[in-house]
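Secondary and tertiary structure notes
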Amino acid sequence: MNQMHRMNPRLSEVLGLICALFCISVSADAFIIAKRGEKAACVISVPARPSACLEHAAGEFAAYVKRITGVELSVVSGDAGGKPAVRLVSNVGLGRDSFRFRISGSDFLIEGDDDRSVLFGVYDFLENHCGCDWLSADQEIVPERNVIELADDFELLRKPAFRIRESSYADMRDSPDFAAKMKLNGYMFNGRWKDIHGGTPSELFDRWLGKCHTVMRLLPPEKYFKDHPEYYAEVNGKREYAKRMQLCLTNPDVVRIVTSNVLARIAKVYPKVKIFGVSQSDRWVFCTCSNCAAVDAREESHAGTNIEFVNKIADAVAEKYPDVLIETLAYQYTYKPPRFVRPRPNVMICLCTDSCDFSKPLGKSRYRFRDMNEFTDDLKWWCTEAKRVHVWNYTMNFRYFMHAFPNIYCLKPDLETFLDCGVTEVLEQGVASPHQAGMALKTYLIGHLLWDPRQPIEPLLDRFYRGYYGAAAPWMRRYMEELHAMSRDRDELKHPMKMWGVIDSPALKTEFFERGAEYLARAAESVKDDPVRLRNVQWEMNANDYTRIMRSGEISAYALCRDGKYPMTPKMKELQTAARRIAADWKAFPRTARISEDSAVIEASKRRIERYAQFDPSKATVGKCVDIPASELTTWSNGRYFKLDFSDILVEAGSVCRVKARIKVDLPADAKPGDKVFGMFVRGQPKTGRSYFVKNLKPDSDGFGWYELRNPCEIRDGGCYILEKSGKYPITVDKVRVSFADVTDRLVEVK
Ligand SMILES: [Zn+2]
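Residues numbered from 1 in each chain as written. Predicted model: local features only at pLDDT ≥ 70, side-chain atom pairs only at ≥ 80, totals over all residues.

Considering the overall build of the chain
Tallying secondary structure elements over the chain gives 20 helices and 30 strands in all. Counting only C-alpha atoms and orienting by the principal axes, one finds that the chain spans roughly 100 × 70 × 40 Å. Across the 751 residues that make up the chain, the buried fraction comes to 45%. Pairs at least 24 apart in sequence give 72% of the contacts found in the chain among residues at least 6 apart. (Helix = DSSP H or I, 4+ residues; strand = E, 2+ residues; numbered from the N terminus. Buried ≥ 20, exposed ≤ 12 C-beta atoms within 10 Å, placed from the backbone. Contact = placed C-beta atoms within 7 Å.)

This is how it looks when you write it as structure tokens:
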């Protein structure tokens, strides 16, 4: 920080300034790097015995200059022999990751705070001065130019907005080359960066005590729970053993053991590593024992127990390691600021945006989750009371990766809000899977904005659309703009855009995705002879069509129709082509073919896409009455519900059907006649179904019986469910029969 104040203010970086320089025609005194058709005007100079990173930086500079101008610059170590040189100079003391360009005598200097900063400087120069553009990990624009030259007073210092800048989008996380071009650093890249990138960038953050959910490592329940259940959270009156557990944070033995384990870990890796996470598990439960509850009541927040606990560990750590930070989460139930307790100076807060609406920039949304405060109010509080605040921001739908999450116009204002509040580090969370809506554009924007959120977004959008989509750019832009306009117009109180959003939110209208399919088809048509751009368009088509298919129920192996012919419409045929494209891509990119954080959504999505992809109408069961085996029904909530939503069956529009099921109930000897066993209800219509009680059950000799669930049942109901009421009377469903109402069968009488 101090070094920044010593700098000449004239040097402070402004992207606009670079663009201006880029366009200036340079005077006769210009420093010429390369001129097409002429022999090399300079050499690239690195110190004697350069590091792998500096050598790589020089090699990259030479390679791109050659591609831009055709001129081959040689790289020399040590003395440049009096020739003009592009000199790469490291360890200049400019501040973490910062670099400077300047002319000195007959040399052009790219100076960096360390080797990595020099590499960042090389990429920045190639991008902002020479017109290179890295659109994704494997697509770049390298322009052809006649000359690369600089004004003889060219001088520019570039500093990152945030100390730690990271994102988990596939291209950033899996391609260290691309992440280096975006000038990122951070914990996500631990173990991925090689020496040529300057090695592991986040030597600050421990790999074992990472930045989230570490308490179970620090107090493993498999070791302690049996003898000391009181070490763990009391939930619903009981110390519970679960997959993701929380601790009883006020228990002095817990403090003692965790402190000792943290100190032991620090001793192993210090001083290479200086940030250690002590943070809650990823589950919304907390200890409600009387001691913990008293602290939380006093503090009016569950952050009360957490900060008090972390402070105790931080105090013990400070005695021995004054420059070590203990990081903890302000997440889910610990996000609300506590009333009295304050984090110690050596406690870093990782504040998460998990409860926010993302349809508007943070601070502009009227939505509040439960009794929570407005996010930016809490952000300001934490930034005032904690010495260092890290923000963990969510930038996509984590339940449906392939469903649109229109937030590109929020990325810049949100990062500016973080910067204005004094946040020092940011993680923009995506996922390392290519199967995501808007992924390439978000990757590109986030990569650039993390370095400098003050830069205008329009030039970035323009560069990206033109570069990544070529001739398809106008249609792609139209698609994205209309999507974002629709999302912005939503009433966020009724339909907030949450990171766990549903796929059928009315805020993103089905009509749009239908119209969007036309835009994307036109986009694809305009690049049909450009396989790279066509591929880029198809990723977005996949996402759009995924939403259409997930929202559509119009294909089924079971069709209920009076004439016995399967009514496959043109739209169904089109969706089938789309499903085949999506299924092929999921297969072609299996390692990263993750489409949700929720395994039930992955299962349901794969089933739906496969059903569309593989459907053969000639093999469908068609008739006035169809039986659907239970194995074909979608289950919900760990099998508690069987879902019959008419994607399981194709019914002629406007038909009125009758729904019944063959069900067996394992009744215990002490079953009470008045107990409800199962029933059917329709979402949003509480009294439309029929329920069965112990006394109504009329099983056949094999234990199964036919039970009418609904009659009449109109197709437009949309969602019908057979509900297993409780674990008390387990039921087995054999099949569900849907028939036109004129088809009769023996039915159980129900009073
Ligand atoms: Zn407790």
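Back to the text.
A look at helix α4 (residues 115–128)
If you check α4, its first and last C-alpha atoms are 20 Å apart, about what 14 residues at 1.5 Å a residue would give, namely 20 Å. Counting buried residues in α4 gives 14 out of 14 residues, a clear majority hidden from the surface. (Expected span 1.5 Å × (residues − 1).)

Some points on the packing of helix α10 (residues 290–299) against helix α11 (residues 303–320)
The geometry of a pair of packed helices is captured by two quantities: the angle between their axes and the separation between those axes. Between α10 and α11, the least distance of the axes is 7 Å, while the angle of their chain directions is 110°. Taken together, the axes of α10 and α11 lie roughly perpendicular to each other. Across the interface between the two elements, C292, V295, D296, R298 and E299 of α10 pack against A303, G304, T305 and E308 of α11. (Axes fitted to C-alpha atoms, helices over the stretch in contact; angles between N-to-C directions. Parallel < 35°, antiparallel > 145°, perpendicular 65-115°, else oblique.)

What about helix α16 (residues 473–488)?
Residues that lie three or four places apart on an α-helix share one face, since the helix turns once every 3.6 residues. Across its 16 residues, α16 extends 22 Å between first and last C-alpha, which sits within 8% of the 22 Å expected from 1.5 Å per residue. Listed in full, the buried residues belonging to α16 are W475, M476, Y479, M480, L483 and S487. Viewed end-on, α16 has its buried residues packed into an arc of 135°, placing them on one side of the element. Packing partners of the buried residues in α16 comprise α15 (458–469), α17 (510–526) and α18 (531–551). (Arc of directions from axis to C-beta.)

So, the environment of D152
Tracing the backbone shows D152 in the loop between β9 (147–150) and β10 (155–158). Sequence separation of D152 and S104 is 48 residues, and the distance between their C-alpha atoms is 8.8 Å. D152 has contacts with D29, A30, F31 and I103, leaving out every residue within four places of it along the chain.

Some thoughts on the packing of helix α19 (residues 570–588) against helix α20 (residues 599–614)
Following both chains from N to C, one finds α19 and α20 inclined at 120°, their axes separated by 7 Å at the closest point. As the angle between them shows, α19 and α20 are arranged oblique. The two elements α19 and α20 cross, and the hand of that crossing is left-handed. Between α19, through L575, Q576, A579, R580, I582 and A583, and α20, the contact on the second element is made entirely by I609, E610, Y612 and A613. Taken together, the residues that form the contact of α19 with α20 break down as 7 nonpolar, 1 polar and 2 charged. (Left-handed = near helix turned anticlockwise from the far one by under 90°. Nonpolar A, V, L, I, M, F, W, Y, C, P; charged D, E, K, R; others polar.)

What to know about the sheet that holds strand β18 (residues 425–429)
One open sheet holds the 6 strands; their spatial order is β11-β18-β17-β16-β15-β14, and the pairing between them is parallel. The open sheet has two edge strands, β11 (164–167) and β14 (275–277), and neither has a second partner. Adjacent strand axes in the sheet meet at a mean angle of 20°, parallel and antiparallel pairs treated alike. Relative to strand β15 (residues 325–330), α11 is tilted by about 170°, and along the sheet it contacts β15 and β16 (347–352). The strands touched by helix α12 (residues 375–385) within the sheet are β15, β16 and β17 (388–394), with β16 carrying the most contacts at an inclination of about 170°. (Pairing = 2+ DSSP bridges.)

Topic: the environment of D462
For D462, the position within the fold is in helix α15. Residues D462 and D675 lie 213 residues apart in sequence; the distance between their C-alpha atoms is 65 Å.

Looking at the confidence of the model for the chain
A low pLDDT score tells you not to read the predicted coordinates there in detail. For the chain, the mean per-residue pLDDT works out to 90, and 92% of the residues sit at or above 70. Note on residues 1–26: pLDDT under 50 across the span, and 26 contacts to partners over four residues away in sequence or across chains. (pLDDT = per-residue confidence, 0-100.)

Here's the deal with unusual backbone geometry
Cis geometry is found at the peptide bond from Y270 to P271, where omega equals 10°. Within the fold, P271 resides in the loop between α9 (252–269) and β14. A positive phi angle, close to 70°, is found at D97, a residue other than glycine. Structurally, the position occupied by D97 is in the loop between β4 (85–89) and β5 (99–104). Non-glycine residue H213 carries a positive phi angle of around 55°. Owing to 16 C-beta atoms within 10 Å, H213 belongs among the partly exposed residues under this scheme.

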